[in-house]
Amino acid sequence: MIDLAELPTCTKCALSLTRQRVVVGSGSLESMLTIVGEAPGKTEDEGGEAFIGRSGRLLFQLVLEELDMTREQCFVTNVVKCRPPANRTPRPSEIATCQPWLEEQLRVSRARFLLALGNTAARAVLGFTEGIGATHGRVVTLGTVQALATYHPAAALRGGPSVVDVMRRDLAVLKKLLDP
Ligand code: URA
Ligand code: SF4
C-alpha cells in the first residue's frame, strides 16, 4: 500500500539527502489535465511547488494562451519529486524508485488528459523510447487517459522561438482533444 500522505517525508532514494523540500505537485487532482515535468529545479526545491521558476512561467503562459487554462485548473507534478543536485538528469534508479508516487497520483486523479514535458517524462510516463524530437505531438492512450508529449519549457528557454512554436503546435493538438 502506498499512501500519498507519506510523500512529503519520503526518503526512498538518495535525492532525499540533498533536497530542501519534496515537491509533491500543485493544483487539483480533480482537474481534467495532468502535466508532468522532469524534476524540481532550485526555485521549486526552495518553494516546495512545481514549476514556479522561469520554466514554469513560460509553461503556464503557453498553457493559458493555447489551452485557455490556468495553473490552478491543472494538476502539475514531476517524474521525480526531489531536486537532483545541480539539476542533473534524474538517474534511472531514482526514476524507478519514485515512480510509484506518480502512479498513485495518476490512479487517484480524475484527469482524462496528460501532457508530458521533455524526454524524461515522455519516456517514464508515455513509455516512448525515441527522443522527444520524434515523439512530440503523438497522441497515445493510457487506460482512460489521452496523453501526448512536448518539449520541456527549459528546452524552449534555451532553444528560442522555434521550440516555443513547436510547443504551441503540440498544445493545439491537446486543445482539440480537450474541446473536440
Ligand atoms: N523543471 C521541471 O521539470 N519541473 C519543475 O517543477 C521545474 C522545472
Ligand atoms: Fe522519495 Fe522520489 Fe524524493 Fe526519491 S525523489 S526521496 S523516491 S520522493
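Refer to the structure presented above.
Residues numbered from 1 in each chain as written. Chains lettered and ligands numbered in written order. Predicted model: local features only at pLDDT ≥ 70, side-chain atom pairs only at ≥ 80, totals over all residues. Heavy atoms only, no water.

## Considerations on the site of ligand 1
Next up, step 1: The environment of ligand 1 is made up of Gly 37, Glu 38, Ala 39, Glu 44, Ala 50, Phe 51, Asn 78 and His 152.
Next up, step 2: Between an oxygen atom of ligand 1 and a main-chain N or O atom of Phe 51, the distance comes to 2.9 Å.
Next up, step 3: Contact distances for ligand 1 include 2.7 Å between a nitrogen atom and a side-chain N or O atom of Asn 78.
Next up, step 4: In isolation ligand 1 has 240 Å² of accessible area, and contact with the protein removes 92% of it.
Next up, step 5: Among the residues making up the shell around ligand 1, the classes are represented as three nonpolar, three polar and two charged. (Near = heavy atom within 4 Å. Polar contact = N/O pair within 3.5 Å; in protein donor to acceptor, adjacent residues only side chain to side chain. Areas by Shrake-Rupley, 256 points an atom, 1.4 Å probe, with all protein chains shown as cover. Nonpolar A, V, L, I, M, F, W, Y, C, P; charged D, E, K, R; others polar.)

## What about the sheet that holds strand E1 (residues 26-27)?
Within a sheet, adjacent strands bond to each other through the backbone by hydrogen bonds, running parallel or antiparallel.
Next up, step 1: Strand order across the open sheet formed by six strands is E1-E3-E2-E4-E6-E5, with mixed pairing between neighbours. Only two strands of the sheet have a single neighbouring strand rather than two, namely E1 and strand E5 (140-142).
Next up, step 2: Examined bridge by bridge, E1 and strand E3 (residues 75-78) share two bridges and lie antiparallel to one another. Paired with Ser 26 across the two strands is Val 76, which belongs to E3.
Next up, step 3: Where helix H4 (residues 118-126) meets the sheet, it contacts strand E2 (33-37), strand E4 (113-117), E5 and strand E6 (145-150), and its direction lies at approximately 135° from that of E4.
Next up, step 4: Taken strand by strand, helix H7 (residues 161-178) contacts E2, E4 and E6, and its axis lies near 170° from that of E6. (Pairing = 2+ DSSP bridges. Helix = DSSP H or I, 4+ residues; strand = E, 2+ residues; numbered from the N terminus. Contact = heavy atoms within 4.5 Å. Axes fitted to C-alpha atoms, helices over the stretch in contact; angles between N-to-C directions.)

## A look at the packing of aromatic side chains
Next up, step 1: Here the structure, examined in full by the defined rule, presents zero aromatic pairs.
Next up, step 2: Its end group placed over the ring of Phe 128, Arg 138 keeps NZ or CZ at 5.3 Å from the ring centre. (Phe/Tyr/Trp six-rings, centres within 6.5 Å; stacked < 30°, edge-to-face > 60°. Lys NZ or Arg CZ within 6 Å of the ring centre and 35° of its normal.)

## Quick word on the packing of helix H2 (residues 54-67) against H7
Next up, step 1: Following both chains from N to C, one finds H2 and H7 inclined at 45°, their axes separated by 9 Å at the closest point. Viewed along their axes, H2 and H7 adopt a mutual orientation that is oblique. Between H2 and H7 the crossing geometry is right-handed. Residues Leu 58, Gln 61, Leu 62, Val 63, Glu 65, Glu 66 and Leu 67 of H2 form the contact with H7, whose participating residues are Val 164, Met 167, Arg 168, Leu 171, Leu 174, Lys 175 and Leu 178.
Next up, step 2: In terms of residue class, the contact of H2 with H7 is built from nine nonpolar, one polar and four charged. (Parallel < 35°, antiparallel > 145°, perpendicular 65-115°, else oblique. Left-handed = near helix turned anticlockwise from the far one by under 90°.)

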